[in-house]
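# Observations on the three-dimensional arrangement
Here are the chains, one letter per residue:
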4 protein chains.
Amino acid sequence: MSAAPDVVRSAYVQLAVTDLAASRWFWVDMLGMHVQHEDEDALYLRGSDELTHHSVVLRAAPVAALDHLAYRVRAPEDVDRAERFFAERGCPVRRVPAGTGTRGVGDAVRVVDPLGVPVEFFHDIARGERLIQRYDLHRGAQIARLDHYNICTPDIPAAYEYYRSLGFGCSETIEGEHELYAAWMFRKPTVHDVALTHGPGPYLHHIGMATHESHQVLHTADIFGALGKEHHIERGPGRHGVSNAFYVYLRDPDGHRVEVYTSDYFTGDPDYETHRWNVHDDRRRDFWGNAVIESWYKEASPVHDLDGRLQPIAEGNLDESSIKVGADGLGIVKPS
Amino acid sequence: MSAAPDVVRSAYVQLAVTDLAASRWFWVDMLGMHVQHEDEDALYLRGSDELTHHSVVLRAAPVAALDHLAYRVRAPEDVDRAERFFAERGCPVRRVPAGTGTRGVGDAVRVVDPLGVPVEFFHDIARGERLIQRYDLHRGAQIARLDHYNICTPDIPAAYEYYRSLGFGCSETIEGEHELYAAWMFRKPTVHDVALTHGPGPYLHHIGMATHESHQVLHTADIFGALGKEHHIERGPGRHGVSNAFYVYLRDPDGHRVEVYTSDYFTGDPDYETHRWNVHDDRRRDFWGNAVIESWYKEASPVHDLDGRLQPIAEGNLDESSIKVGADGLGIVKPS
Amino acid sequence: MSAAPDVVRSAYVQLAVTDLAASRWFWVDMLGMHVQHEDEDALYLRGSDELTHHSVVLRAAPVAALDHLAYRVRAPEDVDRAERFFAERGCPVRRVPAGTGTRGVGDAVRVVDPLGVPVEFFHDIARGERLIQRYDLHRGAQIARLDHYNICTPDIPAAYEYYRSLGFGCSETIEGEHELYAAWMFRKPTVHDVALTHGPGPYLHHIGMATHESHQVLHTADIFGALGKEHHIERGPGRHGVSNAFYVYLRDPDGHRVEVYTSDYFTGDPDYETHRWNVHDDRRRDFWGNAVIESWYKEASPVHDLDGRLQPIAEGNLDESSIKVGADGLGIVKPS
Amino acid sequence: MSAAPDVVRSAYVQLAVTDLAASRWFWVDMLGMHVQHEDEDALYLRGSDELTHHSVVLRAAPVAALDHLAYRVRAPEDVDRAERFFAERGCPVRRVPAGTGTRGVGDAVRVVDPLGVPVEFFHDIARGERLIQRYDLHRGAQIARLDHYNICTPDIPAAYEYYRSLGFGCSETIEGEHELYAAWMFRKPTVHDVALTHGPGPYLHHIGMATHESHQVLHTADIFGALGKEHHIERGPGRHGVSNAFYVYLRDPDGHRVEVYTSDYFTGDPDYETHRWNVHDDRRRDFWGNAVIESWYKEASPVHDLDGRLQPIAEGNLDESSIKVGADGLGIVKPS
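Residues numbered from 1 in each chain as written. Chains lettered and ligands numbered in written order. Predicted model: local features only at pLDDT ≥ 70, side-chain atom pairs only at ≥ 80, totals over all residues. Heavy atoms only, no water.

How big an interface is tends to be reported as the loss of accessible area on association of its parts. Contacts between chain B and chain D engage 11 residues on the former and 11 residues on the latter. Carbon and sulfur atoms make up 66% of the surface buried where chain B meets chain D, a total of about 980 Å² over both sides. Three residues, Y135, H215 and A226 of chain B, lead the burial of chain B against chain D; their summed loss comes to 43% of the area buried on that side. In this structure, the connection of chain B to chain D is made through zero salt bridges. Connecting chain B to chain D are one residue pair in polar contact (both at pLDDT 80 or more). (Contact = heavy atoms within 4.5 Å. Buried area = accessible area lost by both parts, 1.4 Å probe. Salt bridge = Lys/Arg side-chain N within 4 Å of Asp/Glu carboxyl O. Polar contact = N/O pair within 3.5 Å; in protein donor to acceptor, adjacent residues only side chain to side chain.)

To continue, consider the pairing of strand β2 (residues 34–38) of chain A. Residues and elements named next belong to chain A. Bridge analysis of β2 against strand β3 (residues 42–46) gives four bridges, and the strand direction is antiparallel. Among the inter-strand pairings, E38 is bridged to a residue of β3, identified as L43. What sits between β2 and β3 in their antiparallel hairpin is a turn of three residues. (Pairing = 2+ DSSP bridges. Helix = DSSP H or I, 4+ residues; strand = E, 2+ residues; numbered from the N terminus.)

Moving on: the relation of the copies chain A and chain D. For the pair chain A and chain D, the relating rotation is 180°, the translation along its axis is 0.0 Å, and the fit reaches an RMSD of 0.0 Å. The operation mapping one copy onto its partner corresponds to a two-fold rotation axis. Measuring from the rotation axis to each C-alpha of chain A, the shortest distance belongs to E213 of chain A, at 3.0 Å. Of the interface residues in chain A, 100% have counterparts in chain D that sit at the interface too, so the contact is made through matching surfaces. (Least-squares fit on C-alpha atoms with pLDDT ≥ 70 in both.)

Once that is clear, we can look at the sheet that holds strand β2 (residues 34–38) of chain C. Residues and elements named next belong to chain C. Here we have eight strands laid out as an open sheet, ordered β2-β3-β4-β1-β5-β8-β7-β6, and mixed in their pairing. The open sheet is flanked by β2 and β6 (93–96), the only strands paired with a single partner. Put simply, the sheet's adjacent strands are angled 25° from each other on average, direction ignored. The sheet strands contacting helix α2 (residues 76–88) are β5 (65–73), β6, β7 (108–112) and β8 (118–122), and the helix crosses β6 at an angle near 160°. (Axes fitted to C-alpha atoms, helices over the stretch in contact; angles between N-to-C directions.)

Okay, the interface of chain A and chain D next. Residue-level contacts link 39 residues of chain A with 39 residues of chain D. Both sides together, the interface formed by chain A and chain D hides about 3200 Å², and carbon and sulfur atoms give 46% of it. Considering only the side of chain A, the residues that lose the most area to chain D are R127, R130 and Q133 of chain A, jointly responsible for 19% of the buried surface there. Along the contact surface separating chain A from chain D lie 12 salt bridges. In this structure, the salt-bridge partner of E273 of chain D is R127 of chain A, at a minimum N-O distance of 3.5 Å. Mapped by element, the contributors of at least two residues to the side of chain A that touches chain D are β1 (7–17), β5 (65–73) and β17 (275–278) of chain A. Here the residues of the side of chain A that touches chain D are counted per class, giving 13 nonpolar, 12 polar and 14 charged. (Nonpolar A, V, L, I, M, F, W, Y, C, P; charged D, E, K, R; others polar.)

Residue and element names in this part refer to chain A. If you check UniProt for "domain: VOC" (unreviewed entry), the listed places come out as residues 9–124 and 145–263 in our numbering. The distance from the first to the last C-alpha atom of residues 9–124 is 13 Å, and the span holds 21% helix and 41% strand. Each end of residues 145–263 is marked by a C-alpha atom, and these two atoms are 12 Å apart; helix forms 19% of the span and strand 46%. (UniProt positions renumbered as here; feature names shortened; annotations may be inferred.)

This is the structure in structure tokens:
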């Protein structure tokens, strides 16, 4: 088999949204993301720490879904490697030459990965102006950067093996005596670039956007409350057991879930050992033992194939007679 | 009628607890309160900003309950005023000469107030060493001071009138079209020294302890999670609509509820206008719209009479056919 | 002698400024104060927690100076009391009927107090919309409210006695063996409504504006740095020994000094004991022992008399052969 | 020439200290580092996020100095690569078999690098218990992990080329029109693992220890002030222009400088562009324009050779007639 492409990090997500103006309010006015480019069809946004063209693309469409998520690779050749890697695995693969795909992105390849998720691999991307110290422009949630994706998929051991084959490490898991319920996997040395959680899929459960400090997470919730828009707050703020991050989950106007997330830890040592949570440890999903709202388990964003059609959903394969398994290992994710 | 005593502030609470060692772990090791005095029968504790002998007294007893809460009055004569004020209202009144009551407290009077709650009024109290800037001794929740009490009582308009007659202002309320569900009342110019919330009573719903910043509230929750003691976290952290404070509610080893609370606002202007929340505004109890756990509505600490017997409970008097009314205006408080 | 007026709190400051547009940038865009009213001649501003018309008035004028500072009194009659109180002391006194003085303020009296400082006493003031929970409108420094004034005056014992006669308490002092170098005095139960510091005077050393948490003080400094306007940052951020507050000192476009200030402590107990700092304790001016920049000692805003003429300056009266005494007890304040 | 070893990150520093008890107070009681091992001769410490045996070793010795700093390499073979890499460059090289060097560390090689700095390369290291979520054990400065070293050296372009040859990227620099004054260089994708700053050398200017949030930096300063030990605070707290981090510089009982440091940014993209500061931009050393205390420029820790003798010092080679150049590009570092 061919070598895997050298993935640097989770780089951007492209979402189909049904009302660009409503999305702009949520992502720009409330989350404080910077508009890199804007036209009738799409918004290209990035966080204050990001030096590349975008980390979130919102594309106007009749139905809300995930267009694709994207990984940046280390060298131009890694785009070719990605093409071969997925072709050999029988995945749908499509080359997207520079100028024909997402604005700002160079030569890329798009695949439907073994989980059924549309994924782009690219190396070249236009730069964005350095805003790290433009504190005067940091507003709302003060999002610094995209941190990770969270994917629902019915066969976690298979998903884990697939991502291992792509060169990802595993920082944490939720496990039963003989079952793997969820896995947090990374290329950049943080807790994750992608989390894999058991449930019907493929679904995009959420994307995680990083801020620098916890008070920014609290302020995020406060500005939604201030405007009587607290229904956009789905869960939290709270502390995750897994990852140790402080979070709040929001739903955008199309129901796409966004986690505003701060503070995980370094995982880049060569002998980093996976930290394994028992599925019965109440703190794995909320370190403070708070209950998780049902919608967080039951709802997620459908995903597109390479032609923009919704991918069909497969059910989970674990025996759930005793343990209900969902997005973080307990509960059941249903099509929304 | 005689003049009301000039109340300065909510000053201390004395709780009957069943296991002093367990209480010490919770209040000293976890909340970080400073031990002013300790013997076989009781713990005398105070926050880092407090310059008087104690704000929390934990007394060993066979059954957990509120012994009494206490207001400090401006002058020694106000103790006499309190005695006359309550005697004229037909309340049980007992003079407690210095040296016969709670350690550190001078001449006092104890009453069962019209709500059925045991309350002490005192002026003299021993000092405590200034620890405001002893940051090296600030640990755990880093409690700065006692902020307020929260009382469950079945007749809020009556309770409101009683506290008005004691000279308290009203910062905020929860109201229906014709009903008063809850009132936040103050002498010191913060949101409250006491909150009155509808439900069977008399009960002590909780005491509120102030910290300086939100990260201290988060750290409070984190240290309970760290030790696998997250069941002591009952609700939150969250933002209150009423008061605007950031909070977490804990239960001590006897089930006494403690709110760790930060950041309200100045209410001392002579024409301060009560801020009225509609009982149907979802943000009044949690500004972020998060649901409130049932136990927070249904459980509270029983209170003693002047002889240490549990006070009987009266049910609420509102027609609750359409709205269920509880500790913050929705839900039902039941004897725990 | 007549009774002193019952002062509630430091309420607002009116500053003569030379360029309203420049002032607007500083106070509104950077500090985040809310514009209550604005015309060709003046800006009326308030913090997010303030429920009255303004706490800062910026009046266009050819020369920068303090027009007056203002105390709110408890009852309309206290305005009359103020008039008599200062008339008996031989101070210049002028009645300012509602509609003839500062916009939004009712019937008032203005005096030149015994320190040579122009001070207004008023009771009635128009309300401002409640913005406490309009987090979406909180920007820049996120100023919550005016906290205090700081006055330079050559005779601190005399100034202390004058403010005592006005009913102020004293939270903290800086003292030598036989000298009083500075005093922090209050009516609302915080560390101060006014600080008196030794040096040539009368000068307005600064006004203190409160935020809720330290990260807002840091963000204040960051936004000035972001725009290359760091020369507006004069001192700090730092921790005060006196008051224990976390601060940053800014200079507005006219050189008026503003302290962004967070977190002091409750001083409202009837037997609160003044906390005395020794003038040789290095931590009194900066709890971390950092040096104070010279301009902070040497520069301050001149003040007007009742007719808008600059008040003459008197030198200090302490023997400074061994200790140099300035705005916080060490150093020398010179006319700027 | 042989390939460079694959360096993962700055991993630990070993300091010679003259009073272990005094060092323990500073590093354990105040900074909150966890004691992994302790005997008569040394203390082995790590931060709460660190999963390896130590990041700071304090060795009792008659004279304070840097014993060595250490980089972890990706594979055991990289230790051999390091040996060849430095031997070919004519550097002193010594193999340190497991069990003969620093406790907990496996097979290693120590070199005196081209800058004259003693550096160890190792792969194997014993593990430490996971304390990331043991919030109950997080005290004092709440140090999470070692972040970087800062080295004074007289020839920055040469030092830059050497570290480039070791595979380090360069996140930021301070430059004049034709001079390179300082460079921040990294292997892990943060701003730096090592900073190179012009001045006489070799000296260890400081080690940087990371915390998660700014309030922990403030608390660090507060606990020193609380104990009257504010002379250990040398500079800050403040915001760096370079790196954007919030910092405070402390001096340990031997004068070793420690930076408590929070919040930089991701530098791991393959086309990350060095951010170049002009030596005349006042914000490069302090984003708020505050002056830097002279000792920060003039004092630093001497370093050992492989036999524990102090390395001789070479002066700088830049023409400093117009610009004085020091630890961050302005000022002069002198032997302390």
